[in-house]
Amino acid sequence: MATTIALITGANKGIGFETARQLGARGVTVLAGARDAARGRQAEQALRDALAGQEGTEARYVPLDVTDAKSAQEAADWIDREYGRLDILVNNAAIAIGGGAPSQTDLDAMREAYETNVFGVIAVTNAMLPLLRRAPAARIVNVSSEVGSITATTDPASPLGQMPASLAYPSSKSALNMITAMYAKELRGTPVKVNAANPGYTATDLNRHSGFRSVAEGAEASVYLATLGPDGPSGLLWGHLWTADGPADAYGPLPW
Ligand SMILES: NC(=O)c1ccc[n+]([C@@H]2O[C@H](COP(=O)([O-])OP(=O)(O)OC[C@H]3O[C@@H](n4cnc5c(N)ncnc54)[C@H](OP(=O)(O)O)[C@@H]3O)[C@@H](O)[C@H]2O)c1
């Protein structure tokens, strides 16, 4: 059977690294995207160590700054030369800057957040799509967030409804949700499935480790959506369900 090839952006740490590790543990060849060469090589070695003994698995670092369209195209060209196709794309890289009240928004910080969290996803997806279309049943996972759910944010009964108002990061994830729905629409009728993952509030550098979930738990939604079978959904926001009184480990579709 042919090996499954997965590219994970921002895979040098946090949920991205763990997503690569979990996919690798399932026998997937993992291409770990990283914008910094030293951090990328370190992640490659850490993945190889973690996956040692796992038959058929390969872990390789790919230079990839998602804010640089040239870098995305070079990564696609390299994957084309090495593998000729791509089975799984996990658009995981993101930054959380530009917090604070909407009335105090720093537009430069907001633009920076959108460059990575929104435009970066489009640049990488469009560079990789020719390779994804060549795979028998490609999966695209956009790592989004429940904080991008307008329904949850405006529901006073939801823990998300209690969070302080801010613009850059939450609205970038709302945009990513619509982008996910639109790619799913374009690719309807093809074997490619496109979904958005909600890791849940996970302890990583992104939130100075204030999250209450482990990276192993945070990566679960991405891995689930990356390995959907032929009857799986496309065009969903899916992952951890954070409710005021529900179980701590519930998963499922989230409202947009
Ligand atoms: N943690 C949470 O509670 C939580 C909740 C919901 C959703 N998410 C989402 O989960 C994903 C992973 O976040 P995380 O919590 O694991 O954060 P993290 O630990 O800060 O990791 C973010 C990763 O993205 C990379 N990155 C940032 N800008 C990049 C760029 N321009 N090009 C390439 N890579 C870039 C970082 O690389 P460097 O090391 O070079 O900076 C790092 O590898 C994000 O999409 C985030 O929005 C996280």
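Residues numbered from 1 in each chain as written. Predicted model: local features only at pLDDT ≥ 70, side-chain atom pairs only at ≥ 80, totals over all residues. Heavy atoms only, no water.

1. As for helix α4 (residues 107–134)
Phase 1: For α4, which comprises 28 residues, the first-to-last C-alpha distance of 39 Å matches the rise-based estimate of 40 Å (1.5 Å per residue) to within 8%.
Phase 2: At Met128, α4 shows its strongest bend, of approximately 45°, with the proline Pro130 following within four residues.
Phase 3: One side-chain oxygen of the residue at the start of α4 lies 2.9 Å from the amide nitrogen of Asp108, identifying that residue as Asp106. (Helix = DSSP H or I, 4+ residues; strand = E, 2+ residues; numbered from the N terminus. Expected span 1.5 Å × (residues − 1). Bend = angle between axes of the 7 residues up to and from the residue. Polar contact = N/O pair within 3.5 Å; in protein donor to acceptor, adjacent residues only side chain to side chain.)

2. Quick look at the site of the ligand
Phase 1: Taken together, 29 residues are adjacent to the ligand, and Arg35, Asn92, Tyr169, Thr202 and Thr204 come closest.
Phase 2: Here an oxygen atom of the ligand sits 2.8 Å away from a polar atom, N or O, in the side chain of Asn12.
Phase 3: Asn92 places a polar main-chain atom, nitrogen or oxygen, 2.7 Å from an oxygen atom of the ligand.
Phase 4: Coverage of the ligand by the protein amounts to 95% of the 900 Å² it exposes when considered alone.
Phase 5: Of all the secondary-structure elements, those providing two or more residues to the shell around the ligand are α1 (14–25) and α6 (168–186).
Phase 6: For the shell around the ligand, the residue count by class is eleven nonpolar, twelve polar and six charged. (Near = heavy atom within 4 Å. Areas by Shrake-Rupley, 256 points an atom, 1.4 Å probe, with all protein chains shown as cover. Nonpolar A, V, L, I, M, F, W, Y, C, P; charged D, E, K, R; others polar.)

3. Examining the nonpolar core
Phase 1: Ranked by size, the top nonpolar core spans 35 residues in total, and within it Leu7, Ile79, Leu86 and Met128 carry the most contacts.
Phase 2: Elements that contribute at least two residues to this core include exactly β1 (5–8), α3 (69–83), α4 and α6.
Phase 3: At ten residues, the largest contribution of residues to this core is made by α4.
Phase 4: Dropping the residues within four chain positions of it, Met128 is found in contact with Leu7, Ala72, Ala75, Ala76, Ile79, Leu86 and Leu89.
Phase 5: The next biggest cluster of nonpolar side chains, apart from the first, holds 24 residues, and it includes Phe17, Ala43, Leu225 and Ala226. (Core = buried A, V, L, I, M, F, W, Y, C linked by side-chain atoms within 4.5 Å. Buried < 20%, exposed > 50% of the residue type's maximum accessible area, 1.4 Å probe, protein only. Contact = heavy atoms within 4.5 Å.)

In short, the description is geometric, and any link to function would need to be established separately.
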